[in-house]
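Listed below, chain by chain, are the residues.
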Amino acid sequence: MTTAQAREAAPLQIEASELADWRESKRAHAVLDVREPWETEICRIADSLVVPMGQLASRLEEVPKDRPLVVVCHHGMRSLQATVWLRSKGIGQAFNLAGGIDAWARQIDHSMAVY
């Protein structure tokens, strides 16, 4: 299988429950939050890298490429666009968090603020 075929075979999104499993089992991964600073002040997943979507192209070198990367925004739309863009840049292990931080807060971390 070629690298391009592997990228196409990998699911584009993961559910909040799958990310929770990764975190609980300590599976290697990184979380990239593409929301604006005012949004991440309300809530964010611990240890996430915050790079607002508008800065992603200029800060691409900061994005981990050595492990699966879960991309997060508020409801999953910006992060889906960012995930597709990251994959076009060769980051085949980029995955969108379906439903975004809102899904994470409502399904996994009930102590997290929602907005």
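The sections below set out a description of the structure shown in this document. Note that the structure is predicted; figures quoted are calculated from it, not measured.

What to know about unusual backbone geometry
Peptide bonds are, in most cases, trans, and in most cases residues other than glycine have a negative phi.
Okay, step 1: In this structure, Lys26 is a non-glycine residue whose phi angle is positive, near 60°.
Okay, step 2: Tracing the backbone shows Lys26 in the loop between helix 2 (16-24) and strand 2 (30-33).
Okay, step 3: Within the chain, Asp47 stands out as a residue other than glycine whose phi angle is a positive 65°.
Okay, step 4: On the secondary structure map, Asp47 appears in the loop between helix 3 (37-42) and strand 3 (49-50).
Okay, step 5: Among the residues examined, Asp47 registers a relative accessible area of 76% and is labelled exposed.

Topic: helix 4 (residues 77-88)
Okay, step 1: Its twelve residues give helix 4 an end-to-end C-alpha distance of 17 Å, which sits within 8% of 16 Å, the value for a rise of 1.5 Å per residue.
Okay, step 2: The positive-phi residue at the C-terminal boundary of helix 4 is Gly90, with phi of around 95°.

Some points on the sheet that holds strand 5 (residues 94-97)
Okay, step 1: In spatial order, the strands read 1-5-4-2-3; together these five strands make up an open sheet with parallel pairing. The open sheet is flanked by strand 1 (13-14) and strand 3, the only strands paired with a single partner.
Okay, step 2: Here two bridges tie strand 2 to strand 3, and the two strands are oriented parallel to one another. Paired with Leu32 across the bridge in strand 3 is Leu49.
Okay, step 3: Running at roughly 175° to strand 5, helix 4 makes contact with strand 1, strand 2, strand 4 (69-72) and strand 5 of the sheet.

Details of the state of the cysteines
Okay, step 1: Evaluation of the coordinates by the stated rule reveals zero disulfides.
Okay, step 2: The thiol of Cys43 is not disulfide-bonded; the next cysteine sulfur, from Cys73, is found 11 Å away.

Overview of the packing of aromatic side chains
Okay, step 1: Under the defined criterion, the tally for this structure stands at two aromatic pairs.
Okay, step 2: Geometrically, the ring pair formed by Trp38 and Tyr115 is edge-to-face, given 5.9 Å between the ring centres and 70° between the ring planes. Taken together, the residues Trp38 in helix 3 and Tyr115 in the segment after helix 5 (100-107) connect sequence positions 77 residues apart.
Okay, step 3: Its relative accessible area of 52% is what places Trp38 among the exposed residues.
Okay, step 4: For Arg87, the ring lying beneath its charged end belongs to Phe95, and the centroid distance is 5.4 Å.

Here is what the cut-offs are and how they apply
Residues numbered from 1 in each chain as written. Predicted model: local features only at pLDDT ≥ 70, side-chain atom pairs only at ≥ 80, totals over all residues. Heavy atoms only, no water. Helix = DSSP H or I, 4+ residues; strand = E, 2+ residues; numbered from the N terminus. Buried < 20%, exposed > 50% of the residue type's maximum accessible area, 1.4 Å probe, protein only. Expected span 1.5 Å × (residues − 1). Pairing = 2+ DSSP bridges. Contact = heavy atoms within 4.5 Å. Axes fitted to C-alpha atoms, helices over the stretch in contact; angles between N-to-C directions. Disulfide = S-S within 2.5 Å. Phe/Tyr/Trp six-rings, centres within 6.5 Å; stacked < 30°, edge-to-face > 60°. Lys NZ or Arg CZ within 6 Å of the ring centre and 35° of its normal.

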